[in-house]
Structure formats: structure tokens, C-alpha cells
Amino acid sequence: MATGAVVLSAGIVVSATQPAPLSEVGVALFSVLAFLGGAVLARAAARRSCHPGVWGWYAGALLVAGAGAALALHTPGSTVPMTVGALPGMLLTVPPLLRLIPVGTWRRLRAQLVTSLLLFLDACLLCALATFELVSGRSLGLTTLFDVTLVALGATLALLTAMGLLVVASTSGALRRVAVLALSGQVAITGALVLMAFSDEQDAATPPLVATAVAATLGLALLVGAALQDHTPGEPLAEDDPLSFAAAVLPHLTALAAGCLLLSGVLVTGALDVAQTVLGGVGLVLLAAHQTVSWRDSRDLTRTLQRSQAYFRAVVRSAVDPVVILDGDLAITWTSPGFGDIIGRSAERLVGRDVRTAVHPDDRPALTAALLAPQVGAPREGRTATARVRHDDGRWLLLQARVRDLRQDPAVGALVLHCRDLTRATPARPAVADALPLGGSDPETGLPDRSALVARLAELARGGAEVGLVKIGIGGLPDDPAADVARDLAGRLSRVLRTGDRLLRSGPAEFAVLVDGGISDAETLAERLVGAVPADAPVHGLRLTACAGITALEGSDREPVAVLRRASMALDSARGAGPGRVRRHSVALLIAQNRREALRTDLALALARDELRLVYQPVVDLALQRVTSVEALLRWQHPTWGAVSPAEFVPLAEESALVTTLGRWVMRTATAAVAGLDADLCVAVNVSARHVRSGELLGDVSEALAASGLPPERLVLELTESVLLDEAHVTDELAALRRLGVRIAVDDFGTGWSSLAYLVGLPVDVLKMDRAFLASVETDPRHQALCRSVLHLGTSLGLDVVVEGVETPRELQLLRDMGHRFVQGFLLARPTELPALPGAVQAVPAALAQGAAR
Ligand code: C2E
Ligand code: CA
Ligand code: CA
């Protein structure tokens, strides 16, 4: 087509410079060539487009137009026959244009499109006719060739424009651009034909010929552009497309214009000719038809909509779970009758309200997050949201919803919640939860605080209701946790409560729940509460854990302080058992607690009463086959309880500054004892974390060394790994101790968080492997391999590695086989009183020989 356009314009310009009749012959010749070229190119473009049929037909139509124009070559002297000859071809371009309309759109809007088209066509013709008659002052008859040509041209132009506009209005996106290009191309070519007809009337003046060339070239170029752009098969038109509105209105506007022109004509000429009357009449009929069709279509649409809504609701109503439907702004648009069954008549009042206003304030942020979270996977799978919703009778119900996000589904465009009532079936006794607490409330979470808990417990103690108390301890919180963290925790915990249970904040790292029911209800709930703080789901970046202690207001001791103490005791016991544990208060716990309290009081006096002493356990060097050092271990002989293990009383001492006093005493006693021995032994002293952090350790050690005269190289300080991971000033103090010549050991290695890697760069000389390290080493070859590589790695880091708790000859043999050097354990020597120590030390080589022999 492009070549054709170039040939056409060149030809016309060349012909225009020739004298008539040569010029007409030239124009006709070049026009024919141009149409032929256009046809050939249209065929080529057709193959690459997405509507090959459309552009193939176009090529055919252009060929017909070319052939028609060729006939004009036989009638030189006028361009009119040539114009007329090209018209059938132009008319043939109408059907392919119509085929650009997507099938879906055509099916849906067929009747409307056809009536609009006809109305528009009729109105265009009427406009053209009225304008002509107004301007020329005469009626258009079919008596002269010129008039016939004009009528034919006008009709073709009107038809093409009407069709083109219709197609443009019924397509969208890229296809609409193609339709616009094709329409403009056709209008330009038809315009060129009109110009050609006028060039005859005005005696072959040059300007119309040049304009013809420009218009025809432009027209063909636009058609080529349309064919080349045609890559997307159209999509059915969206109902709210603004152009479909324009298409609906345009025929009426044109009809209005035609009516005005007609009236003006009548006013000016005082008459109405036959053509105008007929066209006007047809226009009125079409107007009525179009109106009828539009009404019928809109009625059908409404019915379909009503049917689909009724169907949707019927499906939803029959679903087992109650359903709530939310729009994109989370406003409730519909609730199923089943939902009303759960929450009562207030379900109806919720329609139109934001769903977040219908739930408990604490649950709002989590609910918003759950509803608006981006959908992962198919919307059918859904996600769950849990929140408390108030029943008509004022109770809070715990509802869980499976959320289906169908906002992107054009047929639904909503969030569909399938709800479930998690609230316990039996109605709550209002005794526990409903009365307002008397005490204060926690400013961060808004929950009732500890004083409210005490007040409420006192109130409940007077009544006879069965009430449980769960105390939840949160582990992993910093000293001063952010308010966000507390709020988040409160949200998580409150989501697992049932109606009648009440959450309170009893301390910075503690929550409490008053449970509606007995101790077993409390136990079930406590498991859920602890599960709501899983260690693997960080809260604001913190890895938190929860433990719970349980007691109940039962029996005679309902006094608030006693109840709270029992719950704390149970919580302590749960903490001791590890993260995620739940412990019920029991008599055994009570006895343990009483003993702890007695020991705590007595420990302060133990030193003064001379109940404490040290025993020494040898550490053996397997390479030198002898004892190289001893570990000082504290012993307490209690007047009533007898021998108390340091594992029990040292943690009690750790609770106060007492542990520093004890540590100082141990340091002095141990250094003095070992310095007084004949043997050249080192001594290891256990140092508590609190003593290290007190900042007094360096002074105490220096003093003990000075007093005893023990060389610093013979003192080892045993610290647990958590102390080493502490703040920088601890590391500084340890570094200062090392500069003195004192060595530092990491005690109980392998029981905490440690990996060997972190030891690099820390001020450490000795690694003491915990007894647990030897577990199953005798039976499990994989464990043996692990043991071997850890020992090897420790040694290669330049550390003296001591394996503690060697109890069997087999363990000893395995360690020897691994080439391991330092061991400590009952097999070779038990912790010994100072007087017996030299004997125990001397007995070791024999025990070694025996152990090795076994
Ligand atoms: P530890 O520092 O790990 O001390 C080693 C513990 O293992 C000692 O228990 C010792 O008697 C025991 N033990 C040694 N060989 C074996 C064995 O072959 N098998 C078994 N099952 N156990 C063995 P002990 O004396 O009851 O001390 C317990 C913990 O109390 C010590 O653990 C230490 O953490 C703490 N402790 C003891 N004395 C002191 C002290 O003076 N100050 C401080 N701060 N803590 C101390
Ligand atoms: Ca130790
Ligand atoms: Ca140890």
C-alpha cells in the first residue's frame, strides 16, 4: 500500500503538470496502479496480522476499486466516471471493518449496534442533504451525472463513517487503535474521491488534484498502519467503557443535528422535498426501534443480575458455615442467616459497617492484617483470621473465619468470610470476666494490671465460683520492652481466650488469665496460651518464649496473695523445665518452694555459722599421667536439711549480692588451700555471673592471690558461656585478669548456645566440656565422630580442653583413643576434702593404669 501511495501521489503530481486531457489519463492511470499496489501490500500485511481475513478482504475491495477506476480510462475528459467506478470497491471495505468487532461484544450488543448504526447513517445522510440544500439553495435531484455522483459519494462516506465509528466504539485497547486507523484511512480515501469529483467540476484545476494525491496517499498509509498494528485479538468490551457511552449517544446527537438542519431548511425554503421526508420518517422509526432495543437489553441485564445474586445467596445460605461478605474497604455488605444464629439479631445492624468496628478493639490490627494480607496461592485455599465479636447479650464470642479473597474476581469483587464459633458451648459465668476490675490498668496494653488482678481475686475469693488462674511468663524480652511488643503479645494471647476468660498484665514480662472454670480448664487454656507465643515466630524481631503456671481458687486457701504465690511457684517450676512448658501448682511444688525459702534465709547465715566448706576434684592430664589441677567445689552442711547441693543453693545465692560474698570467700579459701599444698597444682574456682558483673572480681582475685601467695598462673576462673557473651566491660575485666596471668575457662560448654566459632577472639584459655557431651558416646559412632572433631577443633584453637564427668573406663578409653588430654570425673577422682586431697592425687596414676587395663 505504501508503494501504491507513493506511485499514486507521484503520478498525480506529474499528471497535474500535463495539459488536459493528458492529466486526467495520468491521474486515472496512477490511481489504478496505486489501488493495485495497495491491494498487494494489504495481502502481505494480512498474513502477519491477527485478522488475516479482514485485511485479505480489504485487499480484494481495493482491487475492485482499482478495477472500477480503470474503467474510467475509456471516458477521458472527466474524472466523475472514475470516481463512480471506485465506489463499489469502497463499499466493499465495509464488511471487513465490521469483522474487527469482537464476537462477545457483537453477541451482547447486536441489536443495539445495528439500530444505532442505521440511525446514525440515516441522520448523516439527512444532515448532508439538508446542508447541501441550504448551501446551494437547490434540491438535489438525480438528473445530472454530477448529482448522482454526489449522492453516491455522500451515501458511501456516511456509511463508511457510521461503520467506522461503530467499530471504534465496540472495540477497546490496541484493537481500537487499529479500528481508528482503518476508519481514518477509509475516510481519507473517500475524501480523495470526493475531491476528484470536484476537480472535474472546477475544470481540472491543479490544487484539487494535489489535494487528492495527498488525501489518497494519507488514506492508503493509514490503512497500511492499521494492518501492521493489528496484533491483538480484541477483548469483549467492558460495560463501563466511556466510548460505548459515546456510541450510544452519538446517533441521537446526529439525529438531533439533522432535525435542526431540516427545520432550518424548511424555514428558509418553505418546503420539504421527498428525500428529506423519507429520511426523516425512517429516522423516527429507527429512533423508536433503538429505544425499544435498549430498554429490552437493560431489562434482560437486570434479570440476569438478580438471578445470579439470588443464586449466589442460595449457595451461601446452604453452606454449613455462617458467611460474611466484605467489600474492598472491609465494610460488611451481607451476612448469612447462619451468622445471625451465632451473634444474635445485631448481625443485621452490622451490614454497611466496617467489619473492624464490630470486633474487640484489641483484635483490630491483627484482623486488618489477616484480611488485607496479600493472597498467597489460590483464593480458594484462603487464610484464617480470629477475633472476638460481641453477642447480643453482651458476651464476647471468639470467632474464626476462613478468608477467601475474591476481590480480584470480577464476578464477586469481595472478601468472603466463612465463620466458625470457637467459644465454648456453655455460657460463661459472668463472675470471672464481666465485672470491671477495681484496680488500675496497664498503660501500654490497656489491660487490667496487677493491682486489678489482686482486687478481682479478692472479690472472687468471697464468692464460691470455681476460678482458675494462669500466669504466663514471657522469656527473651529485654529489660524495658517496647510498648508495641507488649501490645502484640496481648493480642496474641487474647486471641486464644474463650468468653468468660480475662487477660491481665501482671508484670513487665508476665500476663495472667482468670479462667472461667476449674484447674483442668485452666490447664487446657494454658497450653493454648503458651502455643500463641511460638519461639519460631519473632515478635517485632524478638524471639520470645512463654511458660505458664497454673493454680485455682479452690479449697480453703482462696486468699489473693496465696493464690498469686501458688501461680508464681508453678510458673517458676515451668520456667525451670524449659520454654513452652506448663506446670500446675501442686503439694510437691509447695514443699520445694518452702524448702527454697528456708534455704534462701539460712544461706545468709551459713558462712557465719561455718556451715560451708570446699572440696577439691582433681583434673587429670592423660599425657603426663597425673593430676595437674583441682576444681574447688562448694559444700553446705545445713543443720536440718543435711548436705545441700551447690546446684540447689548457688542459684539461690545468685538472686542477691550474697553470691559475691560467697565467691570472695571461695576464692580466698581455695587459693590459700592449694598454695599450702606440697604439690605444684593449679586450682579452678567457679565464679558466678553476678560476681563477674559486679566489677569486684579483679580486686577480689588480686587480693586472694596476694593473701595466699599463689602464683597467678596456677589459678583458673571457671565462667559459664553466657557471661562471656555479655557486655564489653566484662571482656575487658577478663582481659585484665589474663594479663595478671590468671587463666579463664568456659564451663559447661555444649549446654548453651555456643558454637566453637564464637570462642575465637574471646579471652579464654580452657574449655570445659559438659558431661552431656559424653552422652551416648559409647554407643553411637556418629556421636563419637562429633566428639572427636569438637575436641580436635578446641585444641587447634589453642585451648586446653577438659572433658568433665568421665565415669566409665570405656569413656576414658575412647577419649584416650582420640588423643584427648585432660579429663575430670568420678572414675579417676571424686571431689575430696582438703586433708584427703594429696592421697587422692597420688592414687590417680594407679587408677589410670587400672582404668586403662579394664
Ligand atoms: P560444675 O562447675 O560443672 O562442677 C562439676 C560438677 O560435676 C560437680 O558437682 C561435680 O561434683 C560433678 N562431677 C564431677 N565428676 C562427675 C562425674 O563423673 N559424674 C557426675 N555425674 N558428676 C560429676 P557439684 O559439686 O554438685 O557442683 C554443681 C555445680 O554447682 C557446679 O557445676 C557449679 O556450677 C556449681 N558450683 C559448685 N561450687 C561452686 C562455687 O564455689 N561457686 C559457684 N559459683 N558455683 C559452684
Ligand atoms: Ca566448674
Ligand atoms: Ca561444668
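The protein is annotated in an unreviewed UniProt entry as PAS domain S-box-containing protein of Klenkia brasiliensis.

**Q** Outline the overall build of the protein, supporting the account with residue identities and numerical values.
**A** Assigned secondary structure in the protein consists of 30 helices and 20 strands. Counting the 854 residues in the protein, one finds 47% classified as buried. Taking the contacts inside the protein whose residues are at least 6 apart along the sequence as the reference set, 67% of them involve residues at least 24 apart. If you sum the accessible surface of the protein, you get close to 39,100 Å²; carbon and sulfur atoms cover 62% of it.

**Q** Explain the sheet that holds strand β4 (residues 396-406) to me, using residue names and the numbers behind them.
**A** A sheet is described by the order of its strands in space; here five strands give the open sequence β2-β1-β5-β4-β3, paired in antiparallel fashion. With partners counted over all chains shown, the strands left at the sheet margins are β2 (332-335) and β3 (383-390), one partner each. For this sheet, the mean inter-axis angle between neighbouring strands, taken without regard to orientation, is 30°. As paired elements, β4 and strand β5 (residues 414-421) share eight bridges and run antiparallel to each other. Looking at the pairing, Asp-405 lines up with Leu-415 of β5. Contacting β1 (323-326), β3, β4 and β5, helix α14 (residues 364-372) crosses the sheet at an angle of about 145° to β3.

**Q** Requested: an account of the UniProt feature "transmembrane region" (unreviewed entry) in the protein, with residues and values cited.
**A** In the numbering used here, UniProt assigns the "transmembrane region" (unreviewed entry) feature to residues 25-42, 54-74, 80-101, 113-132, 144-166, 178-198, 210-228 and 249-268. Note that residues 144-166 is 96% helix and 0% strand, and that its end C-alpha atoms are spaced 33 Å apart.

**Q** Hey, could you go over a nonpolar patch on the surface for me, with residue numbers and the actual values?
**A** A surface patch of nonpolar side chains, about 450 Å² in accessible area, is lined by Leu-134, Val-135, Leu-267 and Val-268. Those elements giving two or more residues to the nonpolar patch turn out to be α6 (103-136) and α10 (242-269). Inspection of the secondary structure assignment puts Leu-267 in helix α10.

**Q** Requested: an account of the coordination of the calcium ion (ligand 3), with residues and values cited.
**A** Looking at the calcium ion (ligand 3), the protein donor atoms are Asp-747 (OD), Asp-748 (OD), Glu-804 (OE) and Glu-804 (OE), and they sit 2.1 to 2.6 Å from it. Positions of the donor residues of the calcium ion (ligand 3) along the chain correspond to the pattern D-D-x55-E. Between the calcium ion (ligand 3) and the calcium ion (ligand 2), a separation of 4.1 Å is found, and both are coordinated by Asp-747. Separated by 56 residues along the polypeptide, Asp-748 in strand β16 (residues 743-749) and Glu-804 in the loop between β18 (800-803) and α29 (809-817) bring together distant segments of the chain. The class for Asp-748 is partly exposed, based on a relative accessible area of 27%. Residue classification places Glu-804 among the buried residues on the basis of a relative accessible area of 11%.

Conventions used here
- Residues numbered from 1 in each chain as written.
- Chains lettered and ligands numbered in written order.
- Predicted model: local features only at pLDDT ≥ 70, side-chain atom pairs only at ≥ 80, totals over all residues.
- Heavy atoms only, no water.
- Helix = DSSP H or I, 4+ residues; strand = E, 2+ residues; numbered from the N terminus.
- Buried < 20%, exposed > 50% of the residue type's maximum accessible area, 1.4 Å probe, protein only.
- Contact = heavy atoms within 4.5 Å.
- Areas by Shrake-Rupley, 256 points an atom, 1.4 Å probe, with all protein chains shown as cover.
- Pairing = 2+ DSSP bridges.
- Axes fitted to C-alpha atoms, helices over the stretch in contact; angles between N-to-C directions.
- UniProt positions renumbered as here; feature names shortened; annotations may be inferred.
- Patch = residues over 30% accessible without salt bridge, like charges linked within 9 Å, V, L, I, M, F, W, Y side chains within 5 Å.
- Salt bridge = Lys/Arg side-chain N within 4 Å of Asp/Glu carboxyl O.
- Donors = N, O, S within 2.8 Å, 3.2 Å for Na, K, Ca; no water.

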